[in-house]
Amino acid sequence: MTATAINVVGLSKWFGDFLALDDIALTVPRGCSTVLCGPSGSGKSTLLRCLNGLESWEEGEVVMSGRPVGHRPRDLVALRRRVGMVFQDFNLFPHLDALSNVALPPRVNLGITRAEAEAEAEMLLAQVGLADFARKYPAQLSGGQKQRVAIARALAMQPEVLLFDEPTSALDPESIGEVLDVMISLAEAGTTMVVVTHEMGFASRVCHEVVFMCAGRVAECCPPQRFFTDPETERARAFLAQVQY
Amino acid sequence: MTLSTIPPRLPPEVFRTGVPSGLRGMAAESPVSLILWFALALGAAWILPGLISWTLLDATWVAEDRSGCDPSGACWAFIVNRLPQFGFGFFPPQERWRAAVALVWPVAALAIALGPAFRGRAGLVAGALAAYPVGATLVLWGEPLGLRGVGTAQWGGMTMTVYVGTVAFVLAFPVGLVLALGRRSSLPALRVLSTVFIEVWRGLPLIAVLFISVVMVPFLLPPGTELPRLALALVGITLYTSSYLAEVFRGGLQSLGKGQAEAAAALGFTYWTAQGYILIPQAIRAVIPGILNTVVALFKDTTYVLVVGLFDFLNIVNAAVADPHWLGLATEGYIFVGIVYWSFCFLLSRVSARIEWGMARGAAREART
């Protein structure tokens, strides 16, 4: 095991003629949580989606746990089994109940038995505070509950890295708290996480590093204390003034 | 809990009106509606007495031939006399139980689907249907099972209709799925191939498909191989149906959000496991009414096999109507054909409604958080 979980070098991506990511460099140490923030359209979600190959890119390299993330389907499947992702819109499987949502991926993709997978899934649902909701279908759950099931589902694959793509943006204010609580306890337990979020409270409390993106570039990359008290760039100061009133 | 003992607060009586029902409601209906009701009643009074006396009161149920029938009523004796043939074709009488098995098998599966729910019902119905093509062929043919061999030339009647319809549907289902996936594939060659295949079969009339498969396919086979006409016709109907089902499945796959495929990919599912566990089960659920619609159309279209000389239910009644002992009974024959086809299609539409109702109830249950 290397000390670096993710290493991004010279990553550039174009959507047609539009340069979406411009020569990105990023290092995420193992056991640390990193927050990606920035104005909308700055490329933070696109960068996150490159980390598990949901987006392709034209130049540069992404190295995950010492292995480069390629574009070959077989390599990507192997990579994604080690990298969990939580989406803004939850994307739970609506035809399966909460327990099966969590138990199916490891059963199919890691080849463990149904009994093992379901025992593990029950434990994970309890961990996110949803032990009593195992037999509920996604449509019967609130937004916050859905997102917590989605986190349990990502954890069930025992990933080395967890990616969060604006996990609280589709939630009402009350639900945001319950999802953030789960994320905070994961971060405090030493999970390697990369989080795209506008929740500056989360960023200032638990993350180890804040990456501020602007126009497809990494504008600032520093510990949260410095980012929130003394940002280097004018753009970051303006952004902070907006999100913190 | 003490709260639950408090009676719920209901809306005041004056607002508790919905759609007017029954006689009390009719009084509240508009004059136009009353006139329509009156016209309907008048029409029924004009048609029903004659219809009832012809079909039931003056009808003859038992007779040796046409001359034994009362000419003022329907001659159902013709149908009763020929019932085994209408049901089982030219199957040898002592082997008819085998034709009956092939005939009742899919009907029983549908009845189970309509009956009370139990654990594993969906699996049982799907399994019974999946086993049908091989199972029914073995039972009808008989030789591989050590029974007396019965050639396809002797198969016929309702057995043939149900056999052709069920076999074509069960075989077309997986072919249609593969075609739908092919048409949505990211590989251009596969996409073009699937699209051309679907559009060719969908663009031909079924009668042309049947002629092509029965007349032209033998030329493509290695010389010396001989397939029964029924097998060739089945290949044609299966491909024709699969192209329709493919478009139904494609609609279902397209109705799924992009997020489902992404979530599956992000969890390390391969293309095939994502399709099998996540996408196809949801897509099929979304298009069950469309699938059953295709099945009803297929069931009625099976009757086109008569153009290549197979004696399905309609064709065997057709042949019987020409029997010199029973001349002039076309009306009875075709009324019978109509009733039987309608009953089957009605059964299918009930199954469809039942599944939709079940899904709507499930959705309502899911909506109550």
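It should be noted that the structure appears before, not after, this text.
Quick caveat, the model's predicted, so the values are computed rather than measured.

Enquirer: In this structure, what is going on with the overall build of chain B? I would like to understand it.
Expert: For chain B, the helix and strand inventory stands at 15 helices and 0 strands. Its C-alpha atoms give chain B a radius of gyration of 26 Å, clearly above 21 Å, the size a compact globule of 369 residues would have. On the principal axes, the C-alpha backbone points of chain B span a range of 80 × 65 × 40 Å. Taking all contacts inside chain B whose residues are at least 6 apart in sequence as the whole, residues at least 24 apart take part in 68%. About 20,500 Å² of surface is accessible on chain B, with carbon and sulfur atoms providing 70% of the total. Between the centroid of the 24 positive side chains of chain B and the centroid of its 18 negative side chains there is a distance of 15 Å.

Enquirer: So what exactly am I meant to see when it comes to helix 2 (residues 73–80) of chain A here?
Expert: Owing to its 3.6 residues per turn, the α-helix aligns residues three or four sequence positions apart on the same side. Here helix 2 of chain A has its buried residues at Leu76, Val77, Leu79 and Arg80 of chain A. Buried residues in helix 2 of chain A, looked at end-on, bunch into an arc of 160°, giving them a common side.

Enquirer: Explain a nonpolar patch on the surface to me, please; I cannot follow it from the model alone.
Expert: Residues and elements named next belong to chain B. On the surface, Trp46, Ile47, Leu48, Leu51, Ile52, Leu56, Leu57, Trp61, Val62 and Val80 cluster together to form a nonpolar patch covering roughly 1,100 Å² of accessible area. In terms of residues, the nonpolar patch owes the most to one element, helix 2 (residues 31–57), which gives 7 residues. A relative accessible area of 42% means that valine 80 is categorised as partly exposed.

Enquirer: Looking at this structure, how should I read the pattern of salt bridges?
Expert: Oppositely charged side chains are able to pair whenever their charged atoms sit close together. Summed over all chains, the structure comprises 19 salt bridges over all chains. Residues glutamate 160 of chain A and arginine 82 of chain A are paired through a salt bridge, measuring 3.4 Å at the closest nitrogen-oxygen approach. Residue glutamate 160 of chain A is located in the loop between helix 5 (143–156) and strand 7 (161–165), and its partner arginine 82 of chain A is located in the loop between helix 2 and strand 6 (83–86); the two are separated by 78 residues in the primary sequence. Judged by its relative accessible area of 15%, arginine 82 of chain A falls in the buried class. Via salt bridges that share partners, Lys13, Arg49 and Glu55 of chain A together with Lys258 and Glu262 of chain B belong to a single interconnected network.

Enquirer: Quick question: what am I supposed to make of the packing of aromatic side chains here?
Expert: Each pair of aromatic rings is reported with the distance of its centres and the angle of its planes. Inspection of the entire model under this criterion finds 23 aromatic pairs over all chains. Geometrically, the ring pair formed by phenylalanine 227 of chain A and phenylalanine 228 of chain A is edge-to-face, given 5.3 Å between the ring centres and 80° between the ring planes. In this pair, the class of phenylalanine 227 of chain A matches that of phenylalanine 228 of chain A, namely buried. Consider the rings of phenylalanine 90 of chain B and phenylalanine 311 of chain B, whose centres lie 5.5 Å apart with planes at 80°: the pair is edge-to-face. Of the two residues, phenylalanine 90 of chain B sits in the loop between helix 3 (77–88) and helix 4 (96–114) while phenylalanine 311 of chain B sits in the loop between helix 13 (288–301) and helix 14 (313–321), which places them 221 residues apart along the sequence. Judged by its relative accessible area of 35%, phenylalanine 90 of chain B falls in the partly exposed class. Note on phenylalanine 311 of chain B: relative accessible area 30%, which makes it partly exposed. An aromatic cluster is defined as three or more aromatic residues linked by ring pairs; in this entry it consists of Phe78, Phe86, Phe299, Phe313, Trp326, Phe336, Tyr341 and Phe344 of chain B. The cationic tip of arginine 153 of chain A hangs over the ring face of phenylalanine 93 of chain A; the distance from NZ or CZ to the ring centre is 4.5 Å.

Enquirer: Help me out: how do you make sense of the sheet that holds strand 3 (residues 33–37) of chain A in this one?
Expert: One key point about sheets: their strands pair by backbone hydrogen bonds, in either a parallel or an antiparallel sense. Residues and elements named next belong to chain A. With mixed pairing, 6 strands are arranged side by side in an open sheet as 6-7-8-3-9-10. Only two strands of the sheet have a single partner each, and these edge strands are strand 6 and strand 10 (217–222). Sheet twist, expressed as the mean angle between neighbouring strand axes with direction ignored, is 20°. Relative to strand 10, strand 9 (residues 209–214) is paired through 5 bridges, and the arrangement is antiparallel. Bridging from a neighbouring strand, valine 211 pairs with cysteine 221 of strand 10. Of the strands in this sheet, strand 6 and strand 7 touch helix 5, which is tilted by about 170° from strand 6.

Enquirer: I tried to follow the packing of helix 3 (residues 98–109) of chain A against helix 12 (residues 271–286) of chain B on my own but got confused; where do I start?
Expert: Helices that pack against each other are described as a pair by the angle of their axes relative to one another and the distance between those axes. For the pair helix 3 of chain A and helix 12 of chain B, interaxial distance at closest approach is 12 Å and the crossing angle is 150°. Comparing the axis directions of helix 3 of chain A and helix 12 of chain B gives the class roughly antiparallel. In this structure, helix 3 of chain A meets helix 12 of chain B at a crossing whose hand is right-handed. Between helix 3 of chain A and helix 12 of chain B, the contacting residues are Leu104, Val108 and Asn109 of chain A on the first element and Thr273, Tyr277 and Ile278 of chain B on the second. Among the residues forming the contact of helix 3 of chain A with helix 12 of chain B, the class breakdown is 4 nonpolar, 2 polar and no charged.

Enquirer: What is the right way to read the sheet that holds strand 2 (residues 18–29) of chain A from this model?
Expert: All names here are of chain A. In space, the 4 strands of this open sheet follow the order 2-1-4-5, with antiparallel pairing throughout. Edge positions in the sheet fall to strand 2 and strand 5 (67–68), since each of these pairs with one other strand and no more. In this sheet, strand 2 lies alongside strand 1 (residues 4–15) in antiparallel orientation, the contact comprising 8 bridges. Residue pairing for strand 2: tryptophan 14 is matched across the bridge by leucine 19.

Enquirer: For this particular structure, what's the right way to read the packing of helix 8 (residues 188–202) of chain B against helix 10 (residues 229–255) of chain B?
Expert: Residue and element names in this part refer to chain B. Running from N to C, helix 8 and helix 10 cross one another at 120°; their axes reach a closest spacing of 8 Å. Crossing hand, helix 8 versus helix 10: left-handed. Residues Phe197, Ile198, Trp201 and Arg202 of helix 8 lie in contact with helix 10, whose contacting residues are Leu239, Tyr240, Ser242, Ser243, Tyr244, Ala246 and Glu247. Tallied by class, residues from the contact of helix 8 with helix 10 come to 7 nonpolar, 2 polar and 2 charged.

Enquirer: Explanation requested: the interface of chain A and chain B in the structure shown.
Expert: Of the residues lining the interface, 25 residues belong to chain A; the matching set on chain B comes to 21 residues. Between chain A and chain B lies a buried interface of about 2,000 Å² when both sides are counted; carbon and sulfur atoms form 63% of it. Its largest share of buried area at the contact with chain B, chain A owes to Phe93, His95 and Gln140 of chain A, together 29% of the area lost on that side. Scanning the region where chain A abuts chain B turns up 1 salt bridge. A salt bridge links glutamate 262 of chain B to arginine 49 of chain A; the nearest nitrogen and oxygen atoms lie 2.6 Å apart. If you look at where chain A meets chain B, you find 7 residue pairs in polar contact (both at pLDDT 80 or more). Only helix 2, strand 6, helix 3 and helix 5 of chain A provide two or more residues apiece to the side of chain A that touches chain B. Here the side of chain A that touches chain B gets 4 residues from one element, more than from any other, and that element is helix 3 of chain A. Across the side of chain A that touches chain B, the residue classes tally to 16 nonpolar, 5 polar and 4 charged.

Enquirer: Sorry, what's going on with helix 5 of chain A here?
Expert: In this model, helix 5 of chain A (14 residues) spans 20 Å end to end at C-alpha, consistent with the 20 Å of a helix rising 1.5 Å per residue. The element helix 5 of chain A is largely enclosed, with a buried count of 12 among its 14 residues. Residues of helix 5 of chain A that are buried: Gly144, Gln145, Gln147, Arg148, Val149, Ala150, Ile151, Ala152, Arg153, Ala154, Leu155 and Ala156 of chain A. Contacts from the buried residues of helix 5 of chain A go to strand 6, helix 3, helix 4 (114–127), strand 7 and helix 6 (173–188) of chain A together with helix 11 (258–266) of chain B.

Enquirer: Would you take a moment to explain the side chain of glutamate 332 of chain B for this structure?
Expert: Residue and element names in this part refer to chain B. In this structure, glutamate 332 sits in helix 15 (residues 330–367). Salt bridges are absent for the buried glutamate 332, whose nearest opposite-charge side chain, arginine 66, sits at 6.1 Å. A polar side-chain atom of glutamate 332 sits 2.9 Å from the main-chain amide nitrogen of cysteine 75. Those residues in contact with glutamate 332 that sit more than four places away from it in its chain are Trp54, Gly73, Ala74, Cys75, Trp76 and Ile79.

Parameters at a glance
- Residues numbered from 1 in each chain as written.
- Chains lettered and ligands numbered in written order.
- Predicted model: local features only at pLDDT ≥ 70, side-chain atom pairs only at ≥ 80, totals over all residues.
- Heavy atoms only, no water.
- Helix = DSSP H or I, 4+ residues; strand = E, 2+ residues; numbered from the N terminus.
- Rg over C-alpha atoms; globule rule 2.2 N^0.38 Å.
- Contact = heavy atoms within 4.5 Å.
- Areas by Shrake-Rupley, 256 points an atom, 1.4 Å probe, with all protein chains shown as cover.
- Lys, Arg positive; Asp, Glu negative; His and termini not counted.
- Charge placed at Lys NZ, Arg CZ, Asp CG, Glu CD.
- Buried < 20%, exposed > 50% of the residue type's maximum accessible area, 1.4 Å probe, protein only.
- Arc of directions from axis to C-beta.
- Patch = residues over 30% accessible without salt bridge, like charges linked within 9 Å, V, L, I, M, F, W, Y side chains within 5 Å.
- Salt bridge = Lys/Arg side-chain N within 4 Å of Asp/Glu carboxyl O.
- Phe/Tyr/Trp six-rings, centres within 6.5 Å; stacked < 30°, edge-to-face > 60°.
- Lys NZ or Arg CZ within 6 Å of the ring centre and 35° of its normal.
- Pairing = 2+ DSSP bridges.
- Axes fitted to C-alpha atoms, helices over the stretch in contact; angles between N-to-C directions.
- Parallel < 35°, antiparallel > 145°, perpendicular 65-115°, else oblique.
- Left-handed = near helix turned anticlockwise from the far one by under 90°.
- Nonpolar A, V, L, I, M, F, W, Y, C, P; charged D, E, K, R; others polar.
- Buried area = accessible area lost by both parts, 1.4 Å probe.
- Polar contact = N/O pair within 3.5 Å; in protein donor to acceptor, adjacent residues only side chain to side chain.
- Expected span 1.5 Å × (residues − 1).

Coordinates in, geometry out; function isn't part of it.
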